[in-house]
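Take a look at the letters that make up each chain.
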Amino acid sequence: DGGITQSPKYLFRKEGQNVTLSCEQNLNHDAMYWYRQDPGQGLRLIYYSQIVNDFQKGDIAEGYSVSREKKESFPLTVTSAQKNPTAFYLCASRGGGLRVNTEAFFGQGTRLTVV
Amino acid sequence: SQQGEEDPQALSIQEGENATMNCSYKTSINNLQWYRQNSGRGLVHLILIRSNEREKHSGRLRVTLDTSKKSSSLLITASRAADTASYFCATDAYSGGGADGLTFGKGTHLIIQP
């Protein structure tokens, strides 16, 4: 099936540790995104990538890092510099480049908890 | 920054009634999209309306867009218990450099009472 897959579904991190969240898509989409969602809140953009080997900071990039070595994959690392990492993380993709007016497809999310 | 703001924040209605949610935004857009999120899950796209469109239908969904007022509404007719979810509007303000990402509001939490 075509889609976007996030793993793991739940992740626990000790303070001071870096953790990496996985996001894979087989939709052949150029653009991929990472959003953070806090309880009762909307989605805030962390990073996005429009093409392989290129990515841009979103509104809340501090304490996070990404890579885009393959079209299908856009992993997010939550570093120890992120002071309040406990949240629900959502990855999305869509046909991008110069095309607009397209919908985004979301993964099922990773819930990260700092213990 | 969050551009879209949904209203109301929460809505509880009886099954069979219609549910209306509103979204206001601040800057020019290329399109506006509505998404649904069940608790603890990812978002699912419902409908997209372009900036040059005023109304769009999809099944029991009706979306309107008023660019002069920078507002949109989502109407769900003949609601069902399965419609219970959070609904988000997202604005797409393509800046010419590619897909910059959708900007989401905080959502409306809809509860359908059986």
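Refer to the structure printed above.
Figured I'd write up the structure that's included with this text. (Residues numbered from 1 in each chain as written. Chains lettered and ligands numbered in written order. Predicted model: local features only at pLDDT ≥ 70, side-chain atom pairs only at ≥ 80, totals over all residues. Heavy atoms only, no water.)

**Looking at the overall build of chain A**
Then comes step 1: Counting its regular elements, chain A contains 0 helices and 11 strands.
Then comes step 2: A compact globule built from 115 residues should have a C-alpha radius of gyration of about 13 Å, and chain A, at 13 Å, falls within 12% of that.
Then comes step 3: In terms of overall dimensions, chain A has C-alpha extents of about 40 × 25 × 25 Å along its principal axes.
Then comes step 4: Per-residue burial for chain A yields a buried fraction of 49% across its 115 residues.
Then comes step 5: The positive charge centre, built from 13 side chains, and the negative charge centre, built from 11, are 5 Å apart in chain A. (Helix = DSSP H or I, 4+ residues; strand = E, 2+ residues; numbered from the N terminus. Rg over C-alpha atoms; globule rule 2.2 N^0.38 Å. Buried < 20%, exposed > 50% of the residue type's maximum accessible area, 1.4 Å probe, protein only. Lys, Arg positive; Asp, Glu negative; His and termini not counted. Charge placed at Lys NZ, Arg CZ, Asp CG, Glu CD.)

**Description of the state of the cysteines**
Then comes step 1: By the definition in use, this model includes 2 disulfides over all chains.
Then comes step 2: Here Cys23 of chain A connects covalently by a disulfide to Cys91 of chain A, the sulfurs 1.9 Å from one another. Disulfide Cys23 of chain A to Cys91 of chain A: torsion about the S-S bond roughly -75 degrees, handedness left-handed. With a gap of 68 residues between them, Cys23 of chain A in strand β3 (residues 19-25) and Cys91 of chain A in strand β9 (residues 87-94) connect regions that are remote in the sequence. Like Cys91 of chain A, Cys23 of chain A is buried.
Then comes step 3: In this model Cys23 of chain B forms its disulfide with Cys89 of chain B; the gap between the sulfur atoms is 2.0 Å. Looking along the S-S bond of the Cys23 of chain B-Cys89 of chain B disulfide, the torsion reads about 65 degrees, which is the right-handed sense. Here Cys23 of chain B, found in strand β3 (residues 19-24), pairs with Cys89 of chain B, found in strand β9 (residues 85-92); they are 66 residues apart in sequence, far enough to count as distant. Summarising the burial analysis for this pair, Cys23 of chain B and Cys89 of chain B share the class buried. (Disulfide = S-S within 2.5 Å.)

**Describing the sheet that holds strand β8 (residues 71-76) of chain B**
All names here are of chain B.
Then comes step 1: A sheet is described by the order of its strands in space; here 5 strands give the open sequence β1-β3-β8-β7-β6, paired in antiparallel fashion. If you trace the sheet from one side to the other, it starts and ends with β1 (5-7) and β6 (55-58), each paired once. When strand polarity is set aside, the average angle formed by the axes of neighbouring strands in this sheet is 20 degrees.
Then comes step 2: Of the strand pairs in this sheet, strand β7 (residues 61-66) and β8 are connected by 6 bridges, and their pairing is antiparallel. (Pairing = 2+ DSSP bridges. Axes fitted to C-alpha atoms, helices over the stretch in contact; angles between N-to-C directions.)

**What about the packing of aromatic side chains?**
Then comes step 1: For the coordinates displayed, the defined rule picks out 9 aromatic pairs over all chains.
Then comes step 2: Seen in terms of ring centroids, Tyr33 of chain A and Tyr48 of chain A are 6.2 Å apart; in terms of plane orientation they differ by 25 degrees. Their pairing is stacked. Here Tyr48 of chain A lies in strand β5 (residues 43-51) and Tyr33 of chain A lies in strand β4 (residues 31-37), a separation of 15 residues in the sequence. Summarising the burial analysis for this pair, Tyr33 of chain A and Tyr48 of chain A share the class buried.
Then comes step 3: Their ring planes at 75 degrees and their centres at 6.0 Å tell us that Phe106 of chain A and Phe104 of chain B sit as a pair that is edge-to-face. Pair noted here: Phe106 of chain A is in strand β10 (residues 105-106) and Phe104 of chain B is in strand β10 (residues 103-104), and the two residues belong to different chains.
Then comes step 4: For Phe104 of chain B, a relative accessible area of 0% gives the class buried.
Then comes step 5: The rings of Tyr33, Tyr35, Tyr48 and Phe106 of chain A together with Tyr35 and Phe104 of chain B are connected pair by pair, giving a single aromatic cluster.
Then comes step 6: When the ring centre of Phe74 of chain A is taken as origin, the NZ or CZ atom of Arg68 of chain A, which lies over that ring, is 6.0 Å away. (Phe/Tyr/Trp six-rings, centres within 6.5 Å; stacked < 30°, edge-to-face > 60°. Lys NZ or Arg CZ within 6 Å of the ring centre and 35° of its normal.)

**Some remarks on the environment of Glu103 of chain A**
Residues and elements named next belong to chain A.
Then comes step 1: Secondary-structure assignment places Glu103 in the loop between β9 and β10.
Then comes step 2: Take Glu103: its relative accessible area is 31%, and that puts it in the partly exposed class.
Then comes step 3: Residues Glu103 and Ser93, 10 residues apart in the sequence, show an inter-C-alpha distance of 8.7 Å.

Geometry only, nothing functional implied.
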